[in-house]
Amino acid sequence: MAQATPDARPGASRVVTIAHHVPFLDQLAARWMAEVDNDPQRTGAGLILLPSRRAARALTEAFLRRADGRALLLPRIAPIAALDEAALALSGEAALELPPAVEPMRRLATLTLLVLQAGTAFGDVRTVDQAWPLARALADLMDEAEWAECDLRERLPEAADGDFAQHWDLTLKFLSIVTGIWPTWLEEQGVMNPVARQVALLHAQAAHWRENPLPEGQRLWAAGFSDAVPSTVAVLRTVLDMPGGRLVLTPVDMDMDADTWAALPPGHPQAGTARMLADLGVMREELEVWDDLPAGCVAAAPPGRATLLSNALLPAPALGQWLDPAPPPELQGLSVLHAADQQEEAAAIALILRQAIERPGQPAALVTPDRALAGRVATELARWGVIADDSAGEGLATTPQATFLRLIVQAVDAGLSPVALLSMLKHPLAACGLSPGNCRASARLLERAVLRGPAPPPGIAGLRAALSRTTQDEHGALADAPDAPQELSAFLDRLERALDPLLSCASGGAEVVDLLSALVEAAQALAATDTEDGAARLWSGEEGNALGAHLAELLTWCDVLPAQRVGALDGLLASSLAGVTVRGRRALRGREQVAVHPRVFIWGLLEARLQTAGTIVLGGLVETVWPPATDPGPWMSRPMRTRICLPSPECAIGQAAHDFIACACAAPNVVLSVPGRRQGAPAVAARWLVRLDAYLSGRGAGIAEHPALSWLEQLDRPSGAPAPVAPPRPCPPVSMRPRSLSVTEIETWMRDPYAIYARRILGLKRLADLEEMADAADYGEIVHDALDQWFTRYPDRWPADGEARMVRVFAEVLEAARLRPALAAWWAPRLERIARWCAATESGRRGDGAPRTVLTELSGRMELSGFSFGTFVLRGRADRIDRDAEGGLSLFDYKTGTLPTRASVLAGWQSQLVLEAAMIEAGGFAPDAVGHVTELVYWRLTGGHVPAQVLDIARGEELSDLIAQCRDGLRRRVAAYDTAQMPYLSHPHPGQEPRFADYAHLARVAEWSAAREEDMA
């Protein structure tokens, strides 16, 4: 075949574009068939190249629609990236001699080793989980350079000069080593980089077609391209040189002026098409526009919508055109959805898709690059029994099997700490040789009996030690039904046997392959049930097969990596699984018998190209999602990429913008969806929406809000005005009401009677937190214990070196508490300051006359009789009682937290110390602590800049009156609650709420207290 001269231009009919409002694939199929007069046999003669497999499948469906049930020979339809896999396999000698592509996992493992061997050139990169992402970025850089046909070995010396930071200089030195070593390694192994092989195949295919033209009557069309790398341009140029060749482009803006077209920035939606036409030597004016609708087709969108979007997204130098007169913007069928957050966005989109399929024959689709949004919408659609065809699949890293493996690694690496251990044991795949129900019940029992509160020592031995401190009665009381838990000691034995392969590697490093093998063995043992093998549960199904194949590749190729600790496995799994997708559907889990809906689709941007539907929702239109963030990667800065002629990161913005316009013109009804918040933070609307709003507002117009949010409000909100719940008023029988309370519970009884009802009558106790850290209560216990030990040793005399001894006592108590080293180091100086203050204060008190007796930590009780339902018992524990030489008693209370105010004590709201004084005078404590109370004193011991404070409540007659009033008030309260009509109210006194409200959620305080505050206002 004669070669076209450089100045030759293909005829207008050889390069065409299809208008935005015309369904692309239907037009393509109609034109292909029309050229052979719709002859069903001649239709099959030829080849159509498309950008993707999804587009190839969709074109096949378009041909079937055109055939309308008639028998038809289809042409060969192939994606351009799979030419070596399609039926037109290369027959050129050069193509057959190409080495195979290196396995992706093998390449990443070897590059990871090179990054690790670079030492500290890129920071402290010592483990595979740190090096693997850098290796992936390096592989992406090589692929990008190979697509751009940029020889890194030749161009890298030009990338840096004296203006660049030293870090980039080190990076370039490393890259030069890699680009020198890597080609040699590829040659030694007899393999090629995958992209390099694909590029070579495309060039070989172009050469083969030039040397061996298609037979007469055979057509070769390339369709749907909006941008192209050099190797693809070579194929497309060859297509145009063929006698039956034709290039059918995605919509091209034919109305843009020539100056603007010639200077399009890389982020513009037409920039890629302009570059491709320039590389092909085709002038935009030469394009023929196919804008007629095929018979039986309806417009994909109103014709004016593309003009509206094109004008709104003009590049900055051309924005002056916004001032030119223009017809009213075409807004028919275009609406916007402003959701509050991602969940509201997903629920509203599901309603839009559900409403769209009410129209027979009309497909509906969500188009979004946000896979999290896609998963939420699929779940919301399942609420209506609609299972969407999610062609993009889901990330393999988010599947249950992959999550289970990572949880196992995290649990072992954390020494089986409570949170990590329970996360593993409560995963649906965990069974430990039991039924899943028995395993979960055993895990819940282990949680309540052992793991709540302070964390046990690490490892299985630590769990057994913590278990030994519990009683079997407690275990039995916590048993669950119907799946009864296993006895905890036996359950820990099962757990140890299952985790033993990985636990044996936890003490030190091991080869990565050995770690992976141990993980697989442990995971299979943990997943095994009493009736099913663990391997069958883990590796069955589409997701299990994909994960098993991934692990097999890791086991095969990671033998080159150095020994690692167990914790590195988690990062290795996360990094190696990043970007890997599987054709799994989260919405189908548990609904395996439900069919996928034939007219509801969820497409990624690649799947959506060239597609049309009746309703399309463009979801996740926020910056960093759609459009994506422009990241040049860790290996090169933007100026360095420019110097070696790599594509600008903004080219990805241009492709995303092209997809935005194409999808916005692919359906009569299009909804632009923008969440107000994403991942808890405010989201910024996509730049195209901001431009569109600005353009329309200048013309006094705007996009209509879609009513889906109002539908959602009607769906999930009850009818009628909201009515706040009334505060609870439980009135249990008097026989069930407590006849004994402690002095601390009396304050709770006054401020929050409902807490007494929940704890003492319903028997509800607050569960301790998992891995509960030491807090102010533990600090208070240390202070109380130290002072108790001191006064037990020296009840009536003051040693000469009292201060030094008291400091030593505090230090001994702190050491015995066995706190975390950091916490002990934080508290030690505070406790020393408390000890020195106490020593100085006591020395002064003894100087005024030593107390004859000092009693500490005394327990007592006082019986109150004369009630209709029997005696009421008050219990208490006094921190310290001093008896002076005259027989008077001083009552002390130690506080390490907030000190009560004198006014609050006198008003009766904080009456603990006063009630203890009443108990003393009633003989409720030891015989040595019986008499007249002359002094009530609070010591606030914090150890801060001011180590302590003293609050003297009352003395003399004032104290006697206070004790009498407090005792009488308690009698009145007991009598009041001895009537069946007296309710246990929650927070009955505004302004006097308790500091710690453990039962506020049970009493729904947040619901009714807001209404009470509004009424008071």
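The structure we're discussing is the one just above.
To keep things clear, this report deals only with the structure shown in the data block. (Residues numbered from 1 in each chain as written. Predicted model: local features only at pLDDT ≥ 70, side-chain atom pairs only at ≥ 80, totals over all residues. Heavy atoms only, no water.)

1. Some points on empty space enclosed by the protein
Right, so step 1: One pass over the full model with this rule turns up 6 cavities of 30 Å³ or more.
Right, so step 2: If you add up the space inside the second largest cavity, you get close to 60 Å³.
Right, so step 3: Lining the second largest cavity, in full, are Ser226, Asp227, Pro266, Pro269, Gly272, Thr273, Arg275, Cys651, Gly654, Gln655 and His658.
Right, so step 4: Residue assignment for the lining of the second largest cavity shows that the elements contributing at least two residues are α11 (271-280) and α27 (651-664). (1 Å grid on protein atoms, 1.4 Å probe; cavity = no way out; pocket = protein on both sides within 12 Å on 5 of 7 lines; lining within 4 Å. Points joined across faces, edges and corners; volume = space filled by probe spheres on them. Helix = DSSP H or I, 4+ residues; strand = E, 2+ residues; numbered from the N terminus.)

2. Some thoughts on the sheet that holds strand β2 (residues 46-50)
Right, so step 1: Reading across from one edge, β3-β2-β4-β5-β1-β6 is the order of the 6 strands in this open sheet, with parallel pairing throughout. Since the sheet does not close on itself, it has two edges, and those belong to β3 (76-79) and β6 (288-290), each with one partner. On average, each strand axis in the sheet is tilted by 25 degrees relative to the strand beside it, whichever way the strands run.
Right, so step 2: Bridging between β2 and strand β4 (residues 219-225) involves 4 bridges; their strand directions are parallel. Within β4, the residue paired with Gly46 across the bridge is Arg219. (Pairing = 2+ DSSP bridges. Axes fitted to C-alpha atoms, helices over the stretch in contact; angles between N-to-C directions.)

3. Quick word on the pairing of strand β5 (residues 245-249)
On a regular strand, one side chain projects to one face of the sheet and the next to the other, so that they alternate.
Right, so step 1: Buried residues dominate β5, accounting for 5 of its 5 residues.
Right, so step 2: Here β5 shows two buried faces, one formed by Gly245, Leu247 and Leu249 and the other by Arg246 and Val248.
Right, so step 3: Examined bridge by bridge, strand β1 (residues 15-18) and β5 share 3 bridges and lie parallel to one another. Each bridged residue has a counterpart across the sheet, and for Thr17 the counterpart in β5 is Leu249.
Right, so step 4: Across 5 bridges, β4 lies against β5 in parallel orientation. (Buried < 20%, exposed > 50% of the residue type's maximum accessible area, 1.4 Å probe, protein only.)

4. Concerning the packing of helix α21 (residues 512-527) against helix α23 (residues 541-557)
Right, so step 1: Close contact between α21 and α23 brings their axes to 8 Å; oriented N to C, the two are set at 150 degrees. Classified by the angle between their axes, α21 and α23 sit roughly antiparallel to one another. In this structure, α21 meets α23 at a crossing whose hand is left-handed. For the pair α21 and α23, the contacting residues are Val513, Leu516, Ser517 and Val520 in the first and Leu551, Leu554 and Leu555 in the second. (Parallel < 35°, antiparallel > 145°, perpendicular 65-115°, else oblique. Left-handed = near helix turned anticlockwise from the far one by under 90°. Contact = heavy atoms within 4.5 Å.)

5. What to know about helix α18 (residues 459-468)
Right, so step 1: All of the buried residues in α18 are Ile460, Gly462, Leu463, Ala466 and Leu467. Buried positions in α18, seen along its axis, are confined to an arc of 160 degrees and lie on one side of it. Exposed residues on α18 whose side chains face more than 90 degrees from its buried face are Ala461 and Ser468. (Arc of directions from axis to C-beta.)

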